[in-house]
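Tertiary structure, described
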Amino acid sequence: MSSPPPPPRRPQRGFDPDLDKYAPKPSALPPPALFQVLYFGACISLLVYLLTPAPISVKSAGEIELMRETCGDASSLLRRLSPHVLPGATTLSLDGAASAIMSGMSVRAAPLNYGGVLGGLISASEPGKSACKLAASLSHYLLTAAASLVALRPKFSPVGLPLCGFPSSVCVSVNDVVCHGIPAEREVLRRGDAVNVDVTTISPEGWFGDTSKMWLVGFPPLHLEGYDIHDERNREGDEFYERARLAAVTRDCLFLGISAVKAGASLGDIGAAIHGYAEEHGYSVVREYSGHGIGTAFHEGPRVLHYGDAGGGDVLEAGMTLTIEPMVNAGGAGIRAERDQWTVRTEDGSDSAQWEHTVLVTEDGFEILTMREGEEWPERVLKRLAEQKEREDR
């Protein structure tokens, strides 16, 4: 049985049905495809920005001393965070602890409000940016804003274009998070979680120090530094062996990369040492992110890739300061950015690990500016380097 017809529409006061068809209609938004084009246009502009070489600075003796001070602050911050990395703690509580420690040290957190549209506009006049880089930045910010306002960005994107600056003082990346993990109250640490905390401090004089380390939650702070991946007792009796092995091998990668640093060496020497060792142990190196120069700017030139061919890339000069920060995945090298466009996870859900130091290039080698009190070189790396030297001397 058909339903009864609807009651006649009661005209509203001042309503003329004959004129209604001529009344202006609400303007329709442009088709979604247009905003997708804007989004990917922003991706291209960001790539232009990233591919434009940043200036490389060689520090004077006085500037190197300022770098030592700020890097010492960064390494001290990581050491003082250790008591807070406990089962049951939230990643947000780690951010709060780091903020309190930095406040007492009279240093600022570089990640807070860094990047994105808002953070980027604040730093758009950063000294050393070329006109090309500035134009790429502005188009990136404007197009990202347009795409974000209509919430039509892809759910996952390999290239993060965050609308807002990073919301926290430190990055806390747990298990399958590769980098830029945003601390959250809902993220509670459990025994056996692999946690990376990445800190960058800014001294009162405006110098940056950048470093990060891994913890295995519920174990001593130096558990991963001294972990023996070849000990059969660990292999058979440790329920978190695979996770600890990944973190330990990644730390080896860091120190092998550092060992390649000296005036006259190339950036390719660093990358070749890192990715060769990672792949030898069945792991893959993330290629979308890299180390970088550092000084009075968070990210200076050169870009320090964690893969490559020995002898390739820029030649290192004494007085350069740069970060080496390999990100190594247990599975494939693929990554994906979450909807916040900051948090980066492994594409296949496998674990990831990262360690980082800021390094000074010297005439005869290097100086690790962020070396923590009590930190030692991995025995495996020292043994490997001794074997390499023995072969070269034959």
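Just so it is clear, the structure is predicted and the values come from calculations on it, not from any experiment. (Residues numbered from 1 in each chain as written. Predicted model: local features only at pLDDT ≥ 70, side-chain atom pairs only at ≥ 80, totals over all residues. Heavy atoms only, no water.)

Considerations on the overall build of the chain
So the rule is basically this: Secondary structure counts use DSSP, requiring at least four H or I residues in a row for a helix and at least two E residues in a row for a strand, with both numbered from the N terminus. The classification of residues rests on relative accessible area computed with a 1.4 Å probe and restricted to protein chains. Under 20% of the type maximum is buried, over 50% is exposed, and intermediate values are partly exposed. Any two residues whose heavy atoms approach within 4.5 Å are treated as being in contact. Only the protein chains shown count as cover for residues, and the accessible areas themselves come from Shrake-Rupley with a 1.4 Å probe.
Of regular secondary structure, the chain possesses ten helices and 15 strands. Residues classed as buried in the chain amount to 49% of the 394 residues present. Here the contacts in the chain between residues at least 6 apart in sequence split such that 72% fall between residues at least 24 apart. For the chain, the computed accessible surface area is about 19200 Å², with 57% contributed by carbon and sulfur atoms.

Structural notes on the pairing of strand β5 (residues 208–216)
Put simply, the test is: Should DSSP find at least two bridges between two strands, the strands are taken to pair.
By the criterion of burial, β5 is predominantly enclosed, with nine of the nine residues buried. Burial of the side chains of β5 extends over both faces: F208, D210, S212, M214 and L216 are buried on one face and G209, T211, K213 and W215 on the other. Examined bridge by bridge, strand β4 (residues 194–202) and β5 share nine bridges and lie antiparallel to one another. Paired with D198 across the bridge in β5 is S212. Between β4 and β5, which pair antiparallel and follow one another directly, the connecting turn spans five residues, one of which, G206, has a positive phi of 95°.

Some points on the sheet that holds strand β12 (residues 344–346)
What counts here: Each axis is a line fitted through C-alpha atoms, taken for helices only over the stretch in contact, and angles between the N-to-C directions span 0 to 180 degrees.
Overall, antiparallel pairing links the three strands, which are arranged β3-β12-β11 in an open sheet. Strands with a single pairing partner mark the edges of an open sheet, and in this sheet they are β3 (177–179) and β11 (335–337). Strand-to-strand, the axes of this sheet are offset by a mean angle of 40°, without reference to chain direction. Note: β3 against β12, two bridges, orientation antiparallel. Across the sheet, V177 pairs through a bridge with R345, a residue of β12.

Some points on the side chain of S169
Spelled out, the test is: Under this definition, polar contacts are N or O atom pairs within 3.5 Å; protein pairs additionally need one hydrogen-donor-capable and one acceptor-capable atom, and for neighbouring residues in sequence, both atoms have to be side-chain atoms.
Note that S169 resides in the loop between α6 (131–149) and β2 (171–174). Side chain to side chain, S169 and S99 meet in a polar contact 3.0 Å long. Ignoring sequence-local partners within four residues, the contact set of S169 consists of D95, S99, M102, A109, P111 and L112.

Shape descriptors only; they carry no functional weight alone.
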